[in-house]
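A look at the structure
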Amino acid sequence: MSNAEKARLLAEKNFRSGFNCAESVLVTFCQLTGRPIDEVLPLTTGFGGGIGRSGCLCGALAGAIIAIGLLHGRRSPKSDKHPAYDHASKLHKRFVTSLGVPVAEFSIRWISKARST
């Protein structure tokens, strides 16, 4: 089983345990990297349901972008922001290529449809 598949299964398990999409992705990231969950989990809660249940930006995408920031983000205003931008842009493109849009409402429908087939 690939690392990506292990992460996907763990994120799904975290989601089924009660975390929202954004929380599930970031909790999985913390579990796999040994980072403390309690310090970063609150950053993702408001992204649930596509930003406070508005159906906008997919929480899973938001959680993944936060994880990218933890790995590649700046530590000062003078640090290079391009590594984080590059990784975030690549993820966004892959996400949109897979689902069509980065919107929670459509992501939820796509996932439900994929699971039913």
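Our structure is the block above this text.
Residues numbered from 1 in each chain as written. Predicted model: local features only at pLDDT ≥ 70, side-chain atom pairs only at ≥ 80, totals over all residues. Heavy atoms only, no water.

**Topic: the pattern of salt bridges**
One pass over the full model with this rule turns up three salt bridges. With its nearest N and O atoms 3.0 Å apart, the salt bridge here joins Arg16 to Glu12. Of this pair, Arg16 and Glu12 both sit in helix 1 (residues 3–16), four residues apart, which is roughly one turn of that helix. The structure contains a network of salt bridges with shared partners spanning Glu5, Arg8, Glu12 and Arg16. (Salt bridge = Lys/Arg side-chain N within 4 Å of Asp/Glu carboxyl O. Helix = DSSP H or I, 4+ residues; strand = E, 2+ residues; numbered from the N terminus.)

**Considerations on helix 2 (residues 21–33)**
Residues separated by three or four positions in an α-helix point in the same direction, a consequence of the helix having 3.6 residues per turn. Taking 1.5 Å as the rise per residue, helix 2 with 13 residues should run 18 Å; its terminal C-alpha atoms sit 19 Å apart, in good agreement. For helix 2, the full list of buried residues reads Ala22, Glu23, Ser24, Leu26, Val27, Thr28, Phe29 and Cys30. Elements that come into contact with the buried residues of helix 2 comprise helix 1, helix 3 (37–44) and helix 4 (59–72). Positioned one or two residues after helix 2, Gly34 has a phi angle of 75°, which is positive. (Expected span 1.5 Å × (residues − 1). Buried < 20%, exposed > 50% of the residue type's maximum accessible area, 1.4 Å probe, protein only. Contact = heavy atoms within 4.5 Å.)

**Quick notes on the side chain of Asn14**
Take Asn14: it is sitting in helix 1. A distance of 2.9 Å separates a polar atom in the side chain of Asn14 from a polar atom in the side chain of Gln31. (Polar contact = N/O pair within 3.5 Å; in protein donor to acceptor, adjacent residues only side chain to side chain.)

**Observations regarding helix 5 (residues 82–99)**
Relative to the 26 Å expected for 18 residues at 1.5 Å per residue, helix 5 spans 25 Å between its end C-alpha atoms, a close match to the ideal helical length. Within helix 5 the residues assigned to the buried category are Ala84, Ala88, Leu91, Phe95 and Leu99. Projected down its long axis, helix 5 carries its buried residues within an arc of 65°, all on one side. Projecting away from the buried face of helix 5 at angles above 90 degrees are the exposed residues Lys90, Lys93, Arg94 and Thr97. One or two residues past the end of helix 5 sits Gly100, with phi positive at roughly 95°. (Arc of directions from axis to C-beta.)

**Quick look at the state of the cysteines**
A complete count under the given rule lists zero disulfides for this structure. Note on Cys21: no disulfide assigned, nearest cysteine sulfur contributed by Cys58 at a separation of 5.7 Å. Cys21 gets classed as partly exposed once you look at its relative accessible area, which sits at 28%. Given the relative accessible area of 6%, Cys58 is considered buried. (Disulfide = S-S within 2.5 Å.)

**Thoughts on the packing of helix 2 against helix 4**
Packing of helix 2 against helix 4 leaves a shortest axis separation of 6 Å and a crossing angle of 30°. Once helix 2 is placed against helix 4, the crossing between them reads as right-handed. Side by side, helix 2 and helix 4 meet where Cys21, Ala22, Val25, Leu26 and Phe29 of the first sit next to Gly59, Ala60, Gly63, Ala64, Ile66, Ala67, Leu70 and Leu71 of the second. Here the residues of the contact of helix 2 with helix 4 sort into eleven nonpolar, two polar and no charged. (Axes fitted to C-alpha atoms, helices over the stretch in contact; angles between N-to-C directions. Left-handed = near helix turned anticlockwise from the far one by under 90°. Nonpolar A, V, L, I, M, F, W, Y, C, P; charged D, E, K, R; others polar.)

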